[in-house]
Amino acid sequence: GSAADIIKVAMITIHSVVGDGIEKSKSSVEFAERFHMLKGRCRILLQVHDELILEADPSVMNEAGMLLKLSMESAASLVVPLIVKLKCGRTWGSLEALLPG
């Protein structure tokens, strides 16, 4: 229910930022301006339950991680904060924590 709605909102926001020719919602305009360097260098690869897997050029890894974190954490207004953990790697077995800076 709620988790599916939250992940859907985050996916729409991310897609509107990294996709070409996508109409932007009011909430994604700010992200699109801030993360303009991701266009053509990042894409949503897979969604598994409450996880999103992005494929990104290594040169924009931190920016892609920050877009993912911010779009997921701001997808819903709740009393409790949504905490997003980021990992990166070439394979699922080699994932390591990503701390965008």
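Here's a quick rundown of the structure. In this text, all values refer to a predicted model and were calculated from it rather than measured experimentally.

1. Re the pairing of strand S2 (residues 51-56)
Part 1 of the argument: In the sheet, strand S1 (residues 42-48) pairs with S2 via six bridges, with the strands oriented antiparallel. Residue pairing across strands places Cys42 opposite Ala56, the latter belonging to S2.
Part 2 of the argument: The turn joining S1 and S2, which pair antiparallel and follow one another in sequence, is formed by two residues; a positive phi near 55 degrees is taken by His49.

2. Re the packing of aromatic side chains
Part 1 of the argument: In this structure the tally under the stated criterion is one aromatic pair.
Part 2 of the argument: The interplanar angle of 35 degrees and the centroid separation of 6.4 Å between the aromatic rings of Phe31 and Phe35 together place this pair among those described as tilted. Here Phe31 matches Phe35 in class, with each residue buried.

3. Observations regarding the environment of Ile44
Part 1 of the argument: With respect to the helices, strands and loops of the structure, Ile44 is situated in strand S1.
Part 2 of the argument: In the structure, Ile44 is positioned 36 residues away from Val80 in sequence and 27 Å away in space, judged by C-alpha atoms.
Part 3 of the argument: Sequence-distant contacts of Ile44, defined by excluding residues within four places in its chain, comprise Met11, Ile14, His15, Leu52, Ile53 and Leu54.

4. Topic: the environment of Ser94
Part 1 of the argument: When you line up the elements, Ser94 lands in the loop between strand S3 (87-88) and strand S4 (96-97).
Part 2 of the argument: Sequence-distant contacts of Ser94, defined by excluding residues within four places in its chain, comprise Cys88 and Gly89.

5. Details of the nonpolar core
Part 1 of the argument: Leu38 and Leu67 are the most contacted members of the largest nonpolar core, which totals 23 residues.
Part 2 of the argument: Broken down by element, the residue count for this core peaks at six residues, all from helix H1 (residues 2-18).
Part 3 of the argument: Once you skip the residues sitting within four places of it in the chain, Leu38 turns out to touch Val18, Val60, Glu63, Ala64 and Leu67.

6. Concerning the packing of H1 against helix H3 (residues 61-73)
Part 1 of the argument: One can describe the packing of H1 onto H3 by two numbers: an axis separation of 8 Å at closest approach and a directional angle of 140 degrees. The angle between H1 and H3 falls in the class oblique. Seen from above, H1 lies across H3 with right-handed handedness. Note on element contacts: H3 touches H1 through Leu67, Leu68, Ser71 and Met72, opposite Ile6, Ile7, Ala10, Thr13, Ile14, Val17 and Val18.

7. Some thoughts on the pattern of salt bridges
Where charged atoms from two side chains of opposite charge approach closely, those side chains can pair.
Part 1 of the argument: Applying the stated criterion to the full structure yields three salt bridges.
Part 2 of the argument: With its nearest N and O atoms 2.9 Å apart, the salt bridge here joins Glu73 to Lys69. Taken together, the residues span about one helical turn, with Glu73 and Lys69 both in helix H3 at a distance of four residues.
Part 3 of the argument: The partly exposed category is assigned to Glu73, whose relative accessible area is 25%.

8. With respect to H1
Given 3.6 residues per turn, any residue in an α-helix points the same way as the ones three and four places further on.
Part 1 of the argument: Here H1 spans 25 Å end to end across 17 residues, near enough to the 24 Å set by a 1.5 Å rise per residue.
Part 2 of the argument: Those residues of H1 that sit buried are Ile6, Ile7, Ala10, Thr13, Ile14, Ser16, Val17 and Val18.

Rules used throughout
Residues numbered from 1 in each chain as written. Predicted model: local features only at pLDDT ≥ 70, side-chain atom pairs only at ≥ 80, totals over all residues. Heavy atoms only, no water. Pairing = 2+ DSSP bridges. Helix = DSSP H or I, 4+ residues; strand = E, 2+ residues; numbered from the N terminus. Phe/Tyr/Trp six-rings, centres within 6.5 Å; stacked < 30°, edge-to-face > 60°. Buried < 20%, exposed > 50% of the residue type's maximum accessible area, 1.4 Å probe, protein only. Contact = heavy atoms within 4.5 Å. Core = buried A, V, L, I, M, F, W, Y, C linked by side-chain atoms within 4.5 Å. Axes fitted to C-alpha atoms, helices over the stretch in contact; angles between N-to-C directions. Parallel < 35°, antiparallel > 145°, perpendicular 65-115°, else oblique. Left-handed = near helix turned anticlockwise from the far one by under 90°. Salt bridge = Lys/Arg side-chain N within 4 Å of Asp/Glu carboxyl O. Expected span 1.5 Å × (residues − 1).

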